[in-house]
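The residues making up each chain are set out below.
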Amino acid sequence: MEILRIDTPQLLEEAIEVRFTVFVEEQKVPPEEERDEYDETPASCHHFVVKADGKAIAAGRWKAYEPGVAKMQRIAVLLPYRGTGIGRKLLAAMEEDAKAAGYSAAVLGAQVTAEGFYHKLGYETEPGDVFLDAGIPHVNMRKAL
């Protein structure tokens, strides 16, 4: 298994394919809501992909959110690889990248069903109501890096 910072259009498309499998096919997120301006080029955002045996199996990205705070987004792991620690390793690599870029905190909008997973990784649920994103209940979470 290798975690790669995406630097080519081909790797970006492989990452987006993982996201479409998880979010669009499995979770029924409308396709037009999954891809956005941060997916135009590898430089549009800080994109990551996890590959095993040459196949993309997980993906995620982070972007600047506010001064000193990075926003982790679009974290997706293909179904056969969930529960194996890949999501944890991917997020750790993304956090380390943000920290190396000078960020001191990370935020994310977690699906309510994944809130426990993020708690185990040191994220705290922020005050506020559950909200819908693409029709899926989410909460805002934060972690110091």
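For the structure, see preceding data.
Rules used in this analysis
- Residues numbered from 1 in each chain as written.
- Predicted model: local features only at pLDDT ≥ 70, side-chain atom pairs only at ≥ 80, totals over all residues.
- Heavy atoms only, no water.
- Phe/Tyr/Trp six-rings, centres within 6.5 Å; stacked < 30°, edge-to-face > 60°.
- Buried < 20%, exposed > 50% of the residue type's maximum accessible area, 1.4 Å probe, protein only.
- Helix = DSSP H or I, 4+ residues; strand = E, 2+ residues; numbered from the N terminus.
- Pairing = 2+ DSSP bridges.
- Polar contact = N/O pair within 3.5 Å; in protein donor to acceptor, adjacent residues only side chain to side chain.
- Contact = heavy atoms within 4.5 Å.
- Salt bridge = Lys/Arg side-chain N within 4 Å of Asp/Glu carboxyl O.

**Regarding the packing of aromatic side chains**
Per the counting criterion, the structure on display carries 3 aromatic pairs. Plain terms: the ring middles of Y118 and Y123 are 6.0 Å apart, the flat faces sit at 75 degrees to each other, and that makes the pair edge-to-face. Just as Y118 is buried, Y123 falls in that class too.

**Quick notes on the pairing of strand β2 (residues 46-52)**
Within β2, 6 of the 7 residues are buried, which leaves the element mostly enclosed by the surrounding structure. If you look at the hairpin formed by β2 and strand β3 (residues 55-66), you'll find 2 residues sitting between the two strands, and D53 has a positive phi there, around 50 degrees.

**Details of unusual backbone geometry**
Unusually for a residue other than glycine, K28 sits at a positive phi of about 65 degrees. Considering the arrangement of structural elements, one finds K28 in the loop between α1 (9-26) and α2 (31-34). A relative accessible area of 63% means that K28 is categorised as exposed. You will see that R74, though not glycine, has its phi angle at about 50 degrees, which is positive. With respect to the helices, strands and loops of the structure, R74 is situated in strand β4 (residues 69-77).

**Topic: the side chain of E95**
For E95, the location among the structural elements is in helix α3 (residues 86-100). Given a relative accessible area of 10%, E95 falls into the buried group. Only 2.7 Å separates the side chain of E95 from the side chain of Y123, close enough to count as a polar contact. Residues in contact with E95, not counting those within four places in the same chain, are M72, Y123, K143 and L145.

**Topic: the pattern of salt bridges**
As enumerated under the stated definition, the model contains 13 salt bridges in all. One salt bridge in this structure joins R35 and E13, with 2.5 Å as the shortest N-O distance. Of this pair, R35 sits in the loop between α2 and β2 while E13 sits in helix α1, and the two are 22 residues apart along the sequence. Residue classification places E13 among the partly exposed residues on the basis of a relative accessible area of 38%. R61 is the salt-bridge partner of D36, the closest N and O atoms lying 2.8 Å from each other. Taken together, the positions of D36 in the loop between α2 and β2 and R61 in strand β3 put the pair 25 residues apart, joining distant regions of the chain. By relative accessible area, which is 22% here, D36 ends up partly exposed. Among the ionic contacts, a cluster of salt bridges with common partners joins R19, E34, D36, D39, R61 and R74.

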